[in-house]
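# Fold and geometry: a report
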Amino acid sequence: MWRLIATSLCQRCQRVKALPLNLRPCATLSSAENQQTVEALYDLSVDIQKVRKLKGWVLHQSPAYAKEVGNLLQDMGASGSIVARILAAHPEAVLCHPEQMQAQRELWMSVCPNQKELVGIIEKFPASFFTSSSHNDNQRNNIAYFQRLNINKRIITKLMASAPQSFSRPVEQNEVMVRTLQQAYQELGGGEANMKIWFQKLLSQNPFVLLKAPEVLRENLLFLRDKGFSAAELLRLLSKLRGFVTELNPDTMRCTMAYSQDTMCCSETELRDIILNCPALLYYPEAILAERFEGLLGAGISMSQIRETPTVLELTPQIVNHRIQLLRAHRYDIKTGSLEVLNGTKKDFEMSYGKLQLRRERPLFNPVAPLKTDD
């Protein structure tokens with residue numbers, strides 16, 4: 001019995017500690033639901049049951065500003081259904097003080113082209129907009145810093161939305177990582193004229209790159225250089241999608257490279273070429289690679305085909321099998337044809353598949369065949 005009571009108390013303590021009461025220092029948790037909040041959410045057509053199920057603690061907070069949040073969003077052009085979706089997904093928004101909401105609105109509008117676009121961002125990333133007032137100065141300083149770097153406003157907005165931690169922390173931390181990235185780019189042979197474009201692309205593709213430790217980037221580049229990659233090749237890798245070099249560490253790369261080389265029976269030089277074509281080989285764990293190699297081989301694809309088109313390893317076995325079945329329906333033999341048709345996003349594949357389908361349906365024109373004419 002005592003053990004059961006102790007466990008229950010521990011769980012309750014952990015749940016209370018997890019409550020983000022720092023959203024507003026004056027917020028207090030009552031034993032009963034705040035009926036004003038509940039009624040205001042009902043008036044805004046918010047799914048109360050969803051809120052109770054996922055974040056019921058919000059309904060016990062006092063004071064809360066549900067009506068004010070709804071008015072702010074509607075004033076910005078949000079429809080009733082959008083307001084309801086935002087508050088159902090992120091009910092913590094009702095704990096944000098009206099003055100703080102207005103300050104956030106003005107801050108975001110300094111980089112957002114219009115209120116309609118801002119409403120769209122809030123709908124996708126409500127937690128990034130309804131944030132603590134203690135972050136305002138850091139947000140403002142970081143915005144000013146990226147504007148001094150002549151970073152496109154849309155990219156700044158994307159960073160604020162998808163990686164808000166980059167803007168809530170002191171600007172000095174971002175300055176260190178930006179300098180590290182720029183120095184690495186220049187040391188690997190990148191030109192000054194293209195650095196801004198390269199850096200903007202990197203931020204756009206991997207908004208979290210600034211949150212990584214500068215030491216990680218240096219260690220990973222040194223490791224890859226020791227593995228025989230030239231400066232030009234390292235620059236290619238650094239410029240690849242998602243800035244993946246900052247996501248790795250030498251130990252995992254060493255294991256993955258050894259496994260890939262052994263599985264594909266290739267030399268170190270061949271492995272480097274394969275990695276340059278498919279950097280994913282560096283960051284997929286062995287278990288995932290093993291599953292994908294097995295799936296491809298089981299579908300009748302040869303290892304030599306995989307070496308020629310290693311990007312197929314970026315696809316899950318389920319996606320590969322689904323696409324192969326569609327191709328077979330149009331008599332495309334994946335065992336003898338190119339694997340390139342399998343690659344890409346769903347949209348890319350549909351375009352390739354559509355071209356194959358059109359090619360099968362279109363009648364061949366024989367230029368020397370006599371034309372049929374009416375007598």
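Residues numbered from 1 in each chain as written. Predicted model: local features only at pLDDT ≥ 70, side-chain atom pairs only at ≥ 80, totals over all residues. Heavy atoms only, no water.

Here we take up the pattern of salt bridges. Scanning the model with the defined rule gives eight salt bridges in all. D137 is the partner of R140 in a salt bridge, and the nearest nitrogen-oxygen pair spans 3.4 Å. With R140 and D137 both in helix α9 (residues 136-148) and three residues apart, the pair spans about one turn of that helix. On the accessibility criterion, R140 (41% relative accessible area) is partly exposed. In this structure D137 comes out as exposed when scored by relative accessible area, which is 53%. The shortest N-O distance in the salt bridge between K212 and E247 comes to 3.4 Å. Remark: E247 occurs in the loop between α15 (231-238) and α16 (250-264) and K212 occurs in the loop between α13 (192-205) and α14 (214-226); sequence separation between them is 35 residues. (Salt bridge = Lys/Arg side-chain N within 4 Å of Asp/Glu carboxyl O. Helix = DSSP H or I, 4+ residues; strand = E, 2+ residues; numbered from the N terminus. Buried < 20%, exposed > 50% of the residue type's maximum accessible area, 1.4 Å probe, protein only.)

So, on to the packing of aromatic side chains. Pairs of aromatic rings are described using the distance from one ring centre to the other and the angle between the two planes. Per the stated rule, a full pass over the model turns up eight aromatic pairs. Taking the centre distance of 5.0 Å and the plane angle of 85° together, the rings of F129 and F130 count as edge-to-face. Assigned by exposure class, F129 and F130 land together as buried. Ring plane angle 25° and centroid distance 4.5 Å describe the contact between Y185 and W198, whose orientation is recorded as stacked. Taken together, the residues span a long stretch of sequence, with Y185 in helix α12 (residues 171-187) and W198 in helix α13 at a distance of 13 residues. Relative accessible area serves as the criterion here: at 5%, Y185 is assigned to the buried category. Take W198: its relative accessible area is 9%, and that puts it in the buried class. By way of ring pairs, the aromatic residues W108, F129 and F130 are connected into one cluster. When the ring centre of Y284 is taken as reference, the NZ or CZ atom of R292 above it lies at 4.6 Å. (Phe/Tyr/Trp six-rings, centres within 6.5 Å; stacked < 30°, edge-to-face > 60°. Lys NZ or Arg CZ within 6 Å of the ring centre and 35° of its normal.)

When pLDDT is averaged along the chain, the result is 86; 86% of the residues meet or exceed 70. Here residues 1-26 scores under 50 on pLDDT; set against residues more than four positions off or in separate chains, the count is 18 contacts. (pLDDT = per-residue confidence, 0-100. Contact = heavy atoms within 4.5 Å.)

Another point: the nonpolar core. The biggest cluster of nonpolar side chains holds 107 residues, and the ones touching the most others in it are F130 and F146. When neighbours within four sequence positions are excluded, F146 is seen to be in contact with I151, I156, L159, F167, N174, V178, L203 and L210. (Core = buried A, V, L, I, M, F, W, Y, C linked by side-chain atoms within 4.5 Å.)

So, on to α9. For α9, which comprises 13 residues, the first-to-last C-alpha distance of 18 Å matches the rise-based estimate of 18 Å (1.5 Å per residue) to within 8%. Buried within α9 we find N136, N138, Q139, N142, I143, Y145 and F146. Summarising the contacts, the buried residues of α9 are in contact with α6 (98-109), α8 (126-129), α10 (153-162), α11 (165-168), α12 and α13. Count one or two residues on from α9 and you reach N150, which has phi positive near 60°. (Expected span 1.5 Å × (residues − 1).)

In this fold, M264 is placed in helix α16. As a C-alpha pair, M264 and S304 span 40 residues in sequence and 8.1 Å in three-dimensional space.

Secondary-structure assignment places T131 in the loop between α8 and α9. Residue class for T131 comes out buried when judged on its relative accessible area of 14%. Leave out the neighbours within four places in its chain, and T131 touches C96, Q100, Q104 and Q139.

Moving on: the packing of helix α4 (residues 66-75) against helix α5 (residues 80-89). At a minimum axis separation of 10 Å, α4 and α5 run at an interaxial angle of 135°. By the angle between their directions, the pair α4 and α5 is classed as oblique. At the point where α4 passes α5, the crossing takes the right-handed sense. In this structure, α4 contributes V69, G70, L73 and Q74 to the contact, and α5 contributes V83, I86 and L87. Looking at side-chain class alone, the contact of α4 with α5 contains five nonpolar, two polar and no charged residues. (Axes fitted to C-alpha atoms, helices over the stretch in contact; angles between N-to-C directions. Parallel < 35°, antiparallel > 145°, perpendicular 65-115°, else oblique. Left-handed = near helix turned anticlockwise from the far one by under 90°. Nonpolar A, V, L, I, M, F, W, Y, C, P; charged D, E, K, R; others polar.)

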